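What follows is the residue order along each chain.
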Amino acid sequence: MGEPLRAVLGEDQPIAREGITVMLERSGIEVVAAVSHAPELVRAAAEHKPDVVITDIQMPPNLADDGLQAARRIRAEQPGTPVIVLSQFLDASFALDLVGDDASGVGYLLKEKVASSQILTDAVQRVVAGGSALDPDVISTLVGRGRRADPLDGLTPREREVLALMAEGHSNSGIAERLVVTVPAVERHVTGIFLKLGLQQAESSQHRRVLAVLHYLKR
């Protein structure tokens, strides 16, 4: 059995910080640092080199988007560090700000949806594996934005459904279960998405999934 995943947590509300810590540790994820200020989060991530950083958006010192900016700084200073942001706000711009030019290892969850340790643990597993874990309501908001013509216009309605579920972080089997179709059917749709978006066969499947999600979010 491997070593447990190690997490650094940023949350300024003591009750929420304790609750999230308990959720994670009950799922076998070790919380190596739990801090209440954004600058402390950056320092803790640099010191502990965790497997994942989980943070609230609104944190001291300014109680604005300090947690989000700390997450962006961590991703810039420690490339490849998976980050999950917990938000009270359904604001697609926050999600896009976090994603930047790389959707791999990124999670954006609404706090009200994190009702069980399983939801948070699943998100941690997805981002640590290099995927994404974005709240479905955020995805829906992004879908509704006005946009210019782009390669996504060539996707079929079913391919759009599959890509939206990919953006949430679901595997092919998870997508098949959600859409009540077979896994081979999902695999065909995923292949069609890759081809229509011009994602090269030379890339790994996981990398192409992340690139497809990035296309989806940035359009």
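Residues numbered from 1 in each chain as written. Predicted model: local features only at pLDDT ≥ 70, side-chain atom pairs only at ≥ 80, totals over all residues. Heavy atoms only, no water.

**Details of the nonpolar core**
Part 1 of the reasoning: Among the nonpolar cores identified, the biggest contains 24 residues, and Leu-41, Val-53, Val-85, Leu-98 and Tyr-108 are the most heavily contacted of them.
Part 2 of the reasoning: Elements supplying a minimum of two residues to this core: strand E2 (30-35), helix H2 (38-48), helix H3 (66-77), strand E4 (83-87), helix H4 (92-99) and strand E5 (106-110).
Part 3 of the reasoning: Among the elements that line this core, the one with the most residues is H2, at five residues.
Part 4 of the reasoning: Apart from the residues lying within four places of it in its own chain, the contact partners of Val-53 are Val-8, Leu-41, Ala-45, Ile-74, Thr-81, Pro-82, Val-83 and Ile-84. (Core = buried A, V, L, I, M, F, W, Y, C linked by side-chain atoms within 4.5 Å. Buried < 20%, exposed > 50% of the residue type's maximum accessible area, 1.4 Å probe, protein only. Helix = DSSP H or I, 4+ residues; strand = E, 2+ residues; numbered from the N terminus. Contact = heavy atoms within 4.5 Å.)

**Overview of helix H5 (residues 117-128)**
Part 1 of the reasoning: Spanning twelve residues, H5 covers 16 Å between terminal C-alpha atoms, matching the ideal 16 Å at 1.5 Å per step.
Part 2 of the reasoning: Of the residues making up H5, those classed as buried are Leu-120, Thr-121, Ala-123, Val-124 and Val-127. Along the long axis of H5, the arc covered by the buried residues comes to 160 degrees, so they all point the same way.
Part 3 of the reasoning: The positive-phi residue at the C-terminal boundary of H5 is Gly-130, with phi of around 100 degrees. (Expected span 1.5 Å × (residues − 1). Arc of directions from axis to C-beta.)

**What to know about the sheet that holds E5**
Part 1 of the reasoning: Across the sheet, which stays open at both edges, the six strands sit in the order E2-E1-E3-E4-E5-E6 with parallel pairing between neighbours. Only two strands of the sheet have a single neighbouring strand rather than two, namely E2 and strand E6 (132-134). Averaged over all neighbouring strand pairs, the angle between strand axes comes to 20 degrees, with direction disregarded.
Part 2 of the reasoning: Examined bridge by bridge, strand E1 (residues 6-10) and E2 share five bridges and lie parallel to one another. Of the residues in E2, the one forming a bridge with Arg-6 is Glu-30. (Pairing = 2+ DSSP bridges. Axes fitted to C-alpha atoms, helices over the stretch in contact; angles between N-to-C directions.)

**Some details on the pairing of E4**
Part 1 of the reasoning: Along E4, five of the five residues are buried, which leaves the element largely enclosed by surrounding structure.
Part 2 of the reasoning: Across the two faces of E4 the burial is the same, with Val-83, Val-85 and Ser-87 and Ile-84 and Leu-86 all buried.
Part 3 of the reasoning: Relative to E4, strand E3 (residues 52-56) runs parallel, the two being bridged by four bridges. Considered in E4, the bridge of Thr-55 is made with Val-85.

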